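Here's the letter readout for the chains.
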Amino acid sequence: NDNATGVGLLAEMARTVAVLLKAKQIDPARTITMLWGVEIQQTKEFITEDSTRHNGIAIKWGMSLDMVGENTALTGGTFLIEKMPDPSKIWVRGEDQHTEWGAGSAMKADRIWPHYYNDFIKQRCIDESAATGGDWIVKANPYEGGSDHTPFVSARIPGVLMWHFTDQHYHDDLDRIGMVSAKELQHVGNCALATALILTAGNHPEYARAALDELAEIAERRLDAEAKLSHAALVQSPADTTMERTILEAWRDYYVGALGKVPEMTLPHLDLTAEVAAAQDRVKRKATQVLATIR
């Protein structure tokens, strides 16, 4: 599982892309690059060997597939999307819990920049689960680092990790093919490749418009969830109103900024100013509503 599954799945994704291209079923306007190599080192070299890549110009998104095929009934693991840093990295609460791997180092607010990538890829996995009966469990954890998403994040390029943890056979000699699930690999491969194909399509403005609506709805749900957590926290510590408002405002600002980046999905960049502003206003209204309840 660690990490023949990632290597094998990426190879199968490459094969699938070749078949789709040959059949003219896809026509991506952006390049899809697949890397195999020494963990972290290969990705770091790829990013830094060219100045346009290092400056975040030529690379728009990064994705790491690391430990993606666990048979969770045998290993005890859970499928996870490790997010690029968002406010859950600073305020760990609710469903956004760190793994047994470890929380990593503390992160200052200026290391977090708004982006839609976390929620976009998670929603593709939720779609995959819904389309296959709803039995596939999809969870997320705050940024921890330690795999090939790290060089992307360090270069301020959106990067996420698709993985499983905890695996009770992690780094021991029972990490064998019998602990791997073909179905799990299929789930992960489907949502990983769907994400890549949508984001690199480029010439489909309807994707960006749909992403705006989707992200605004996700933002509203997040603000509602964070407000409930804040109310529960204030029962325990009534004097911490300022902190709870700070958390809610951080999530508001994160999603308002993330919505503003959605038009980059299109090539050439379309003028979606009105649509972005409407989605941002929607989130701001929700934030005003929930902040009014924190007293």
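Residues numbered from 1 in each chain as written. Predicted model: local features only at pLDDT ≥ 70, side-chain atom pairs only at ≥ 80, totals over all residues. Heavy atoms only, no water.

Asks: Is there a simple way to think about the sheet that holds strand S2 (residues 78-82) in this case?
Replies: What holds strands together in a sheet is hydrogen bonding between their backbones, with the strands either parallel or antiparallel. What the four strands build is an open sheet, ordered S1-S4-S2-S3; its pairing is mixed. At either end of the open sheet lies a strand with only one pairing partner, and these are strand S1 (62-65) and strand S3 (139-141). Put simply, the sheet's adjacent strands are angled 25 degrees from each other on average, direction ignored. The pairing of S1 with strand S4 (residues 159-165) spans four bridges and is classified as parallel. Counterpart to serine 64 in the pairing with S4 is leucine 161. (Pairing = 2+ DSSP bridges. Helix = DSSP H or I, 4+ residues; strand = E, 2+ residues; numbered from the N terminus. Axes fitted to C-alpha atoms, helices over the stretch in contact; angles between N-to-C directions.)

Asks: Looking at this structure, I do not really get the environment of aspartate 2. What am I missing?
Replies: Position of aspartate 2 among the secondary structure elements: in the segment before helix H1 (4-22). As for aspartate 2 and histidine 164, which are separated by 162 residues in sequence, their C-alpha atoms are 9.6 Å apart. The residues contacting aspartate 2, other than those within four sequence positions of it, are Asp66, Met67, Tyr170, His171 and Asp175. Engagement of the side chain of aspartate 2 in a polar contact is seen with the side chain of histidine 171, the distance being 3.1 Å. (Contact = heavy atoms within 4.5 Å. Polar contact = N/O pair within 3.5 Å; in protein donor to acceptor, adjacent residues only side chain to side chain.)

Asks: Got a minute to help me understand the side chain of histidine 187 in this structure?
Replies: Assignment of secondary structure puts histidine 187 in helix H8 (residues 182-201). The class for histidine 187 is buried, based on a relative accessible area of 6%. Setting aside chain neighbours within four positions, we find histidine 187 in contact with Glu128, Thr132 and Trp136. (Buried < 20%, exposed > 50% of the residue type's maximum accessible area, 1.4 Å probe, protein only.)

Asks: Quick question: what am I supposed to make of the packing of helix H6 (residues 117-131) against helix H9 (residues 205-236) here?
Replies: To characterise two packed helices, one gives the angle between the axes of the helices and the distance between these axes. Their axes nearest at 10 Å, the elements H6 and H9 cross at an angle of 95 degrees. Taken as axis vectors, H6 and H9 run roughly perpendicular relative to one another. Contact residues: Asp119, Phe120, Gln123 and Arg124 in H6; Ala211, Glu214, Leu215, Ile218 and Arg221 in H9. The class makeup of the residues in the contact of H6 with H9 is four nonpolar, one polar and four charged. (Parallel < 35°, antiparallel > 145°, perpendicular 65-115°, else oblique. Nonpolar A, V, L, I, M, F, W, Y, C, P; charged D, E, K, R; others polar.)

Asks: Explain the packing of aromatic side chains here, please?
Replies: We describe a pair of aromatic rings using the distance from one ring centre to the other and the angle between the two ring planes. In total, this model carries eight aromatic pairs according to the counting rule given. Taking 5.1 Å as the distance between ring centres and 25 degrees as the angle between the ring planes, the aromatic pair formed by tryptophan 163 and phenylalanine 165 counts as stacked. A relative accessible area of 5% places tryptophan 163 in the buried class. Residue phenylalanine 165 is classed as buried on the basis of its relative accessible area, which comes to 8%. A connected cluster of aromatic rings, assembled from ring pairs, spans Trp101, Trp163, Phe165 and Tyr170. Stacked on the ring of phenylalanine 120, the Lys or Arg arginine 124 has its end atom at 4.6 Å from the ring centre. (Phe/Tyr/Trp six-rings, centres within 6.5 Å; stacked < 30°, edge-to-face > 60°. Lys NZ or Arg CZ within 6 Å of the ring centre and 35° of its normal.)

On their own, these measurements won't tell you what the molecule is for.
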